[in-house]
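Spelled out, the chains give:
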Amino acid sequence: MSLAICIKCGARKTSAGALCDVCGFRGVDIEDLARSMFLTDHYQQPRELKAASRQIQAGKFTFDDQKIAPIVKELQQEPALVERLRRSRPFTLPLLIRVLLIALLITWLILKLWRALSER
Ligand SMILES: [Zn+2]
């Protein structure tokens, strides 16, 4: 699990592309994605992330464009990575839906079987 900081409110999240639990922000623009990437443990020390988080919460944080520009360039060269960041979602919901669908299917099969048996 990696550590990332929401670029809007400074809350902790698990990855650059994750939806922020606190303010609901998720980067879509390539610049926002690059800023989000910049505030992860991939680019920063945990101590620096904590400091950035505090500064964002205090409304005092400014991004250094000279540090963001190379990440923007990197992202522009990797459209697949950008897509992955944009689409990344907590995987608990689709899993829950899958489990529910399987449960429904099993219930339907049991009902069908039960009907077929009771009709005789
Ligand atoms: Zn946030």
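Residues numbered from 1 in each chain as written. Predicted model: local features only at pLDDT ≥ 70, side-chain atom pairs only at ≥ 80, totals over all residues.

**Student:** Provide a residue-level description of the overall build of the chain, including the pertinent values.
**Tutor:** Tallying secondary structure elements over the chain gives 5 helices and 2 strands in all. For the chain, the succession of helices and strands along the chain, N to C, is β-β-α-α-α-α-α. A compact globule built from 120 residues would reach a C-alpha radius of gyration of about 14 Å, whereas the chain, at 22 Å, exceeds it by more than 25%. Considered along the principal axes of its C-alpha atoms, the chain spans approximately 75 × 30 × 20 Å. Across the 120 residues in the chain, those meeting the buried criterion constitute 17%. The contacts in the chain between residues at least 6 apart in sequence include a share of 55% that link residues at least 24 apart. (Helix = DSSP H or I, 4+ residues; strand = E, 2+ residues; numbered from the N terminus. Rg over C-alpha atoms; globule rule 2.2 N^0.38 Å. Buried ≥ 20, exposed ≤ 12 C-beta atoms within 10 Å, placed from the backbone. Contact = placed C-beta atoms within 7 Å.)

**Student:** Mind laying out helix α2 (residues 46–57), listing which residues take part and the relevant values?
**Tutor:** Compared with the 16 Å implied by 1.5 Å per residue over 12 residues, the 16 Å span of α2 between its first and last C-alpha is a close match. Remark: G59 follows α2 within two positions and exhibits a positive phi of approximately 75 degrees. (Expected span 1.5 Å × (residues − 1).)

**Student:** Which residues make up the domain arrangement of the chain, and what are the values?
**Tutor:** Domains assigned within the chain are domain 1 (4–89) and domain 2 (91–120). For domain 1 and domain 2, the distance between their C-alpha centres works out to 42 Å. (Domains from an automatic or database assignment.)

**Student:** Explain the environment of Q66 to me, using residue names and the numbers behind them.
**Tutor:** Secondary-structure assignment places Q66 in helix α3 (residues 65–76). Between the alpha carbons of Q66 and L95 there is a distance of 40 Å; along the sequence they are 29 residues apart.

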